[in-house]
Amino acid sequence: MTFTPSCLLVTGGAGFIGSNFIRWVLGHEGGVHVINLDALTYAGNLESLQDVDAEHGPSGDARYSFIHGDVRDLDLMERVLRGEAIPKAPAPDCVVHMAAESHVDRSIMGPGVFVDTNIRGTMTLLEAARAMLKTRARPFRFVQISTDEVYGSLAADDPAFTETTPLAPNSPYSASKASADLLVRSYVETFDFPAIITRCSNNYGPYQFPEKLIPLMITRALADQPLPVYGDGRNVRDWLHVEDHASAIWSVVTGGEIGAVYNIGGSAELPNITVVRCVLQCLGKPESLIKYVQDRAGHDRRYAMNTDRICRELGWQPGHRFDVGIAKTVQWYLDHRQWWERVLNEAYRATNALYLKHS
Ligand code: NAD
């Protein structure tokens, strides 16, 4: 049965995936309203949504609203879900929960905020939605955006993760995401709560904060600075273009089965060093910029996603080949210098740039 939401509440919508997802939904789905609730941590940036706000905000077609708020604020979350926070918008009938602390290296330096935001934040949101549904039973969906990292690490010849692979997270970040997933699962089982979980591989594309691998390498190569690569550079990740992720989430929102888990991947498994070389090639920069640095503690060797379920049941396919997606992404960073230079100057340096320590 198809579910057609009239109003999505996107948490963490000022982050990388959230801002791309909101742009995608408002651009593709004419009748939908989107409420973006974001605490605007170092990773949240409303400049990533300036075009969306101009076209769909209060001075445009009024399908987009922003709330500066924290998912750990139960009272606020209850008001938002009852439809009391934005007077002219409908009450949300679907939550796409993306708000999180998302950077593994930061979780190694300080796990506390990961537990608080990713676990307690998810729990608060679940409680607010459950309370709302108790008094106003209506069609509703909660989609938890999670990660392949909850499954742990694969050896080179292991089969890819499926939705039934046991959870075995290895970093404080992935442990906090796995914990949140288990809370969501428990609400489905215990309270008949209408939730679905998606787990995706590494996203890349426009508006990604330059502490993550691809934008870090692009911005440093453009400045002819050394490119820090962990260990031997042979850790393998699957790469998913963020617009393909957006279309996958929409497929799950509209067609996913309550209680199910869906893996999402880009069919692009690559060693990190290959990704870095691709970036250098796109920019015409020399490989002598590559500098191997001490490996990350507990660094997972390989992630790979079996995406048969979402492809078969929901008819979704990734639209970007990696070579095309990476060239498009590099071009975006070349065309949007102002966006990332401001991020680097104003937020990144002020909040303890991690990789810069290696240079
Ligand atoms: P991001 O760090 O770019 O954005 C996170 C957003 O959440 C920011 O805008 C931040 O301000 C907001 N936020 C943080 N704490 C909050 C709070 N307490 N209340 C409200 N907002 C808060 O992250 P991203 O890369 O866009 O990832 C989005 C989601 O997707 C996360 O849940 C992440 O775990 C998951 N994910 C990301 C990737 C990836 O490759 N980027 C891969 C797998 C899963």
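Look a little higher up for the structure.
Presented here is a report on the structure given in the accompanying data block. (Residues numbered from 1 in each chain as written. Predicted model: local features only at pLDDT ≥ 70, side-chain atom pairs only at ≥ 80, totals over all residues. Heavy atoms only, no water.)

### Focus on the packing of helix α7 (residues 213–222) against helix α9 (residues 272–283)
Part 1: The geometry of α7 relative to α9 is characterised by a closest axis approach of 10 Å and an angle of 40° between their N-to-C directions. Taken together, the axes of α7 and α9 are oblique relative to one another. In the crossing of α7 with α9, the sense of the turn from one axis to the other is right-handed. On the side of α7, the interface is formed by Leu-213, Ile-214, Met-217, Ile-218, Ala-221 and Leu-222, while α9 contributes Asn-272, Val-275, Val-276, Val-279, Leu-280 and Leu-283.
Part 2: Across the contact of α7 with α9, the residue classes tally to 11 nonpolar, 1 polar and no charged. (Axes fitted to C-alpha atoms, helices over the stretch in contact; angles between N-to-C directions. Helix = DSSP H or I, 4+ residues; strand = E, 2+ residues; numbered from the N terminus. Parallel < 35°, antiparallel > 145°, perpendicular 65-115°, else oblique. Left-handed = near helix turned anticlockwise from the far one by under 90°. Contact = heavy atoms within 4.5 Å. Nonpolar A, V, L, I, M, F, W, Y, C, P; charged D, E, K, R; others polar.)

### Brief notes about the side chain of Asp-105
Part 1: Structurally, Asp-105 can be placed in helix α4 (residues 104–109).
Part 2: A distance of 2.9 Å separates a polar atom in the side chain of Asp-105 from a polar atom in the side chain of Tyr-230.
Part 3: Here Arg-296 takes part through its side chain, which lies 2.8 Å from a polar atom of the side chain of Asp-105. (Polar contact = N/O pair within 3.5 Å; in protein donor to acceptor, adjacent residues only side chain to side chain.)

### Things to note about the sheet that holds strand β3 (residues 64–68)
Part 1: With parallel pairing, 7 strands are arranged side by side in an open sheet as β3-β2-β1-β4-β5-β6-β10. Only two strands of the sheet have a single partner each, and these edge strands are β3 and β10 (261–264). Sheet twist, expressed as the mean angle between neighbouring strand axes with direction ignored, is 20°.
Part 2: Pairing geometry for strand β1 (residues 7–11) and strand β4 (residues 94–97), over 4 bridges, is parallel. Pairing of Val-10 across the sheet is with Val-96, part of β4. (Pairing = 2+ DSSP bridges.)

### Description of helix α3 (residues 74–81)
Part 1: Every buried residue belonging to α3 is among Leu-76, Met-77, Val-80 and Leu-81, and all of these are buried. The buried residues of α3 all sit within an arc of 125° when viewed along its axis, so they share a single face.
Part 2: Summarising the contacts, the buried residues of α3 are in contact with β1, β2 (33–38), β3, β4 and α5 (112–135).
Part 3: Where α3 ends, the next residue or the one after it, Gly-83, has phi of about 85°, a positive value. (Buried < 20%, exposed > 50% of the residue type's maximum accessible area, 1.4 Å probe, protein only. Arc of directions from axis to C-beta.)

### Digging into the site of the ligand
Part 1: Taken together, 29 residues surround the ligand, and among them Ile-17, Asp-38, Ser-102, Tyr-173 and Lys-177 come closest.
Part 2: Within the backbone of Phe-16, an N or O atom sits 3.0 Å from an oxygen atom of the ligand.
Part 3: If the ligand stood free it would expose 840 Å²; the protein chains cover 96% of that surface.
Part 4: Where the shell around the ligand is concerned, the elements lending two or more residues are α1 (16–28), β5 (141–147), α6 (172–191) and β7 (202–204).
Part 5: For the shell around the ligand, the element with the most residues is β5, which contributes 3 residues.
Part 6: Of the residues that constitute the shell around the ligand, the class distribution is 13 nonpolar, 12 polar and 4 charged. (Near = heavy atom within 4 Å. Areas by Shrake-Rupley, 256 points an atom, 1.4 Å probe, with all protein chains shown as cover.)

### Observations regarding the pairing of strand β8 (residues 227–230)
Part 1: Burial along β8 is two-sided: the residues Leu-227 and Val-229 and Pro-228 and Tyr-230 are all buried.
Part 2: In this sheet, strand β12 (residues 290–293) lies alongside β8 in parallel orientation, the contact comprising 4 bridges. The residue bridging Leu-227 from the neighbouring strand is Ile-290, located in β12.

### Here we look at the environment of Glu-269
Part 1: Mapped onto the elements, Glu-269 comes out in strand β11 (residues 269–271).
Part 2: The class of Glu-269 is partly exposed, set by a relative accessible area of 39%.
Part 3: On a C-alpha basis, the gap between Glu-269 and Val-236 in space is 6.5 Å, while along the polypeptide they are 33 residues apart.
Part 4: What Glu-269 contacts, discounting residues up to four positions off in sequence, is Val-236, Arg-237, Asp-238, Arg-302, Tyr-303 and Ala-304.
Part 5: Engagement of the side chain of Glu-269 in a polar contact is seen with the side chain of Arg-302, the distance being 2.8 Å.

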